[in-house]
Amino acid sequence: MQWLLLALASMFLQQSFVTIGKALPSILAPAVFNDLQIDTSWLGVYVGIIAAVALTVQAGCGSFIVRFGSLRVSQVSLFLTGVGLALAAPGLIPVMVLSAVAIGASASSTPASSHLLGLYSPSKYAPLVFSIKQTAVPVGLLSAGMVGPILAEIYDWKIALLTIAGVCTIFSLLLE
């Protein structure tokens, strides 16, 4: 049971941080677009790139999860989220495309965490375990919506992105 709780806590936090990373650029978009003086409609392109890459990654990540392990793929997902946020911080449009690609590539976090929890969860607890894990998504959205604007207001949007990038990167190392 202790391994199940450790796996659940780890995957809950991993899923929360990846969700924060995916949501944060959109939450900070008004400040980013105002600072860069570009049209806000470009947010749709950024989100579209994330979604297209995520779709491709999720469709093909199963063999990577089996080959490299759920935990390693979860770590890589967190690291890619951190890299994607850090790439967005300079505010350079061509680099923002790479940012969206990196964040979209972190989409293997959900199948990887599900695979890991499936290994440790007895069938009688599986619905509860997977429900708890999935609540990490709204927790991540809530956290991004609260923390992002506060960091952007106190410091600026670049520091907000870099702060969450750092947290994602550190947590990817802690999962080791």
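If you're wondering where the values come from, they're calculated on a predicted model, not measured in any experiment.

Calculation notes
- Residues numbered from 1 in each chain as written.
- Predicted model: local features only at pLDDT ≥ 70, side-chain atom pairs only at ≥ 80, totals over all residues.
- Heavy atoms only, no water.
- Helix = DSSP H or I, 4+ residues; strand = E, 2+ residues; numbered from the N terminus.
- Rg over C-alpha atoms; globule rule 2.2 N^0.38 Å.
- Buried < 20%, exposed > 50% of the residue type's maximum accessible area, 1.4 Å probe, protein only.
- Contact = heavy atoms within 4.5 Å.
- Areas by Shrake-Rupley, 256 points an atom, 1.4 Å probe, with all protein chains shown as cover.
- Lys, Arg positive; Asp, Glu negative; His and termini not counted.
- Charge placed at Lys NZ, Arg CZ, Asp CG, Glu CD.
- Phe/Tyr/Trp six-rings, centres within 6.5 Å; stacked < 30°, edge-to-face > 60°.
- Salt bridge = Lys/Arg side-chain N within 4 Å of Asp/Glu carboxyl O.
- 1 Å grid on protein atoms, 1.4 Å probe; cavity = no way out; pocket = protein on both sides within 12 Å on 5 of 7 lines; lining within 4 Å.
- Points joined across faces, edges and corners; volume = space filled by probe spheres on them.
- Nonpolar A, V, L, I, M, F, W, Y, C, P; charged D, E, K, R; others polar.
- Core = buried A, V, L, I, M, F, W, Y, C linked by side-chain atoms within 4.5 Å.
- Axes fitted to C-alpha atoms, helices over the stretch in contact; angles between N-to-C directions.
- Parallel < 35°, antiparallel > 145°, perpendicular 65-115°, else oblique.
- Left-handed = near helix turned anticlockwise from the far one by under 90°.
- Patch = residues over 30% accessible without salt bridge, like charges linked within 9 Å, V, L, I, M, F, W, Y side chains within 5 Å.

Our next topic: the overall build of the chain. The secondary structure content of the chain amounts to 10 helices and 0 strands. Shown N-terminal to C-terminal, the secondary structure of the chain runs as helices and strands in the order α-α-α-α-α-α-α-α-α-α. Its C-alpha radius of gyration of 16 Å places the chain within 12% of the 16 Å reference for a compact globule of 176 residues. For the chain, the spread of C-alpha atoms along the principal axes amounts to about 55 × 30 × 25 Å. Here the chain, with 176 residues, has 41% of them falling under the buried criterion. Counted over contacts in the chain with a minimum sequence separation of 6, partners at least 24 positions apart contribute 82%. When the accessible area of the chain is evaluated, it comes to approximately 9000 Å², of which 73% is carbon and sulfur surface. Charge centroids of the chain, computed over 6 positive and 5 negative side chains, lie 23 Å from each other.

Across all of its chains, the model carries 2 aromatic pairs by this definition. Look at Phe17 and Phe171: their rings are 5.4 Å apart centre to centre, the planes differ by 55°, and that puts the pair in the tilted class. One end of the pair, Phe17, is in helix H1 (residues 2–27); the other, Phe171, is in helix H10 (residues 157–174), with 154 residues separating them in the sequence. Overall, Phe17 belongs to the buried group, its relative accessible area being 19%. Aromatic pair Phe64 and Phe68: ring centres 6.2 Å apart, planes at 15°, arrangement stacked. Pair noted here: Phe64 and Phe68 are both in helix H4 (residues 62–68), with a separation of 4 residues, about one helical turn. Phe64 gets classed as partly exposed once you look at its relative accessible area, which sits at 48%. Classification of Phe68 as partly exposed rests on a relative accessible area of 46%.

Evaluation of the coordinates by the stated rule reveals 1 salt bridge. Residue Arg72 pairs with Glu176 through a salt bridge whose shortest N-O separation is 2.7 Å. Taken together, the residues span a long stretch of sequence, with Arg72 in helix H5 (residues 70–88) and Glu176 in the segment after H10 at a distance of 104 residues. Note on Glu176: relative accessible area 64%, which makes it exposed.

The volume enclosed by the largest pocket comes to roughly 290 Å³. Only helix H2 (29–36), helix H3 (42–60), helix H6 (93–105) and H10 provide two or more residues apiece to the lining of the largest pocket. Broken down by element, the residue count for the lining of the largest pocket peaks at 5 residues, all from H3. The residue makeup of the lining of the largest pocket, split by class, is 16 nonpolar, no polar and no charged.

Turning our eyes to something else, we now look at the nonpolar core. Among the nonpolar cores identified, the biggest contains 34 residues, and Leu28, Tyr46, Leu78, Leu161 and Ile164 are the most heavily contacted of them. Listed by contribution, the elements that provide at least two residues to this core are H1, H3, H5, H6, helix H7 (109–120), helix H9 (136–154) and H10. Sorting elements by how many residues they give to this core places H1 first, with 9 residues. Once you skip the residues sitting within four places of it in the chain, Leu78 turns out to touch Gln14, Phe17, Val18, Cys168, Phe171, Ser172 and Leu175.

The subject of this paragraph is the packing of H1 against H10. Interhelical geometry of H1 versus H10 gives an angle of 155° and a closest axis separation of 10 Å. Viewed along their axes, H1 and H10 adopt a mutual orientation that is roughly antiparallel. You can see that H1 and H10 cross each other, and the crossing is left-handed. Residue-level inspection shows Ser10, Leu13, Gln14, Phe17, Ile20 and Leu24 of H1 in contact with H10, the latter providing Ala160, Leu161, Ile164, Val167, Cys168 and Phe171. Taken together, the residues of the contact of H1 with H10 sort by class into 10 nonpolar, 2 polar and no charged.

In this section: a nonpolar patch on the surface. A cluster of nonpolar side chains, contributed by Ile150, Ile154, Tyr155, Ile159 and Leu162, occupies part of the molecular surface with about 510 Å² of accessible area. Of all the secondary-structure elements, those providing two or more residues to the nonpolar patch are H9 and H10. With respect to the secondary-structure elements, Ile150 resides in helix H9. Note on Ile150: relative accessible area 49%, which makes it partly exposed.

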